[in-house]
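Geometric and topological summary
Chain by chain, the residues:
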Amino acid sequence: DLDSVRNIAMQVGKGLQAFHSKEMLHQDLRPENVLIDRTGTAKIIDFGAVHVAGLTEAPGGGSQALAIEGSLQYTAPEYFAGHGGSPRSDLFSLAVLVYQMLTGQLPYGLQVARMRTPADARKLRYVPVRHLRPDLPEWLDAVLHKALHPNPTKRQEAVSECMHDLYSPGPGLQQR
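The following paragraphs examine the structure supplied in this document.

Considering the nonpolar core
Counting residues in hydrophobic clusters, the biggest one holds 39 residues, and the most contacted among them are V12, L29, L94, L102, L140, L144 and L148. Here this core gets nine residues from one element, more than from any other, and that element is helix α3 (residues 87-103).

Have a look at this one:
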């Protein structure tokens, strides 16, 4: 149900925020890397793909993560197009988890893994949550569609913004 999913998402989101505050990207957020104990506490595991800013330099002196390190179904489109990752990439992966917990499906199926160019990203078609779960509120699709946008600059600016929207969607999100 939505409340259970939001609770798990909030816990994972707080974990990602801790990573991002240390200039780290998890890069491999997927169901197998989130453990939930008997008390309902979610923990992020498997730090083998973590990118730490400054430890590896990208061409041109930047420190973005460039390699595709995670599971393809949960990896943000920008990695496939060769643009590298950011905290918004981890947000994308978290939104895929939320979508999948609510529907049992992936928001773009396997289309994301076939991306190579920005033109490929424009061809991605988001399947609204409400097509699979009409019992969920309309605003939820607006929140998830934004977090799952193929263009990272059109996603929420931070995981915390997305988590806030999952609990208290702003007027622009409630209208949709």
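Some words on the packing of α3 against helix α6 (residues 138-147)
At a closest axis distance of 8 Å, the pairing of α3 and α6 adopts a crossing angle of 140 degrees. By the angle class used here, α3 and α6 are oblique. The chirality of how α3 crosses α6 is left-handed. Residues L91, F92, A95, V98, Y99 and L102 of α3 pack against L140, L144 and A147 of α6. When grouped by side-chain class, the residues that make up the contact of α3 with α6 number nine nonpolar, no polar and no charged.

Regarding the packing of aromatic side chains
By the definition in use, this model includes three aromatic pairs. Ring centres of Y99 and Y126 lie 5.8 Å apart, and the angle between their planes is 70 degrees; this geometry places the pair in the edge-to-face category. With Y99 in helix α3 and Y126 in the loop between α4 (118-123) and α5 (129-132), the pair connects residues that are 27 residues apart, well separated along the chain. Y126 shares its class with Y99; the two are buried.

Conventions and cut-offs
Residues numbered from 1 in each chain as written. Predicted model: local features only at pLDDT ≥ 70, side-chain atom pairs only at ≥ 80, totals over all residues. Heavy atoms only, no water. Core = buried A, V, L, I, M, F, W, Y, C linked by side-chain atoms within 4.5 Å. Buried < 20%, exposed > 50% of the residue type's maximum accessible area, 1.4 Å probe, protein only. Helix = DSSP H or I, 4+ residues; strand = E, 2+ residues; numbered from the N terminus. Axes fitted to C-alpha atoms, helices over the stretch in contact; angles between N-to-C directions. Parallel < 35°, antiparallel > 145°, perpendicular 65-115°, else oblique. Left-handed = near helix turned anticlockwise from the far one by under 90°. Contact = heavy atoms within 4.5 Å. Nonpolar A, V, L, I, M, F, W, Y, C, P; charged D, E, K, R; others polar. Phe/Tyr/Trp six-rings, centres within 6.5 Å; stacked < 30°, edge-to-face > 60°.

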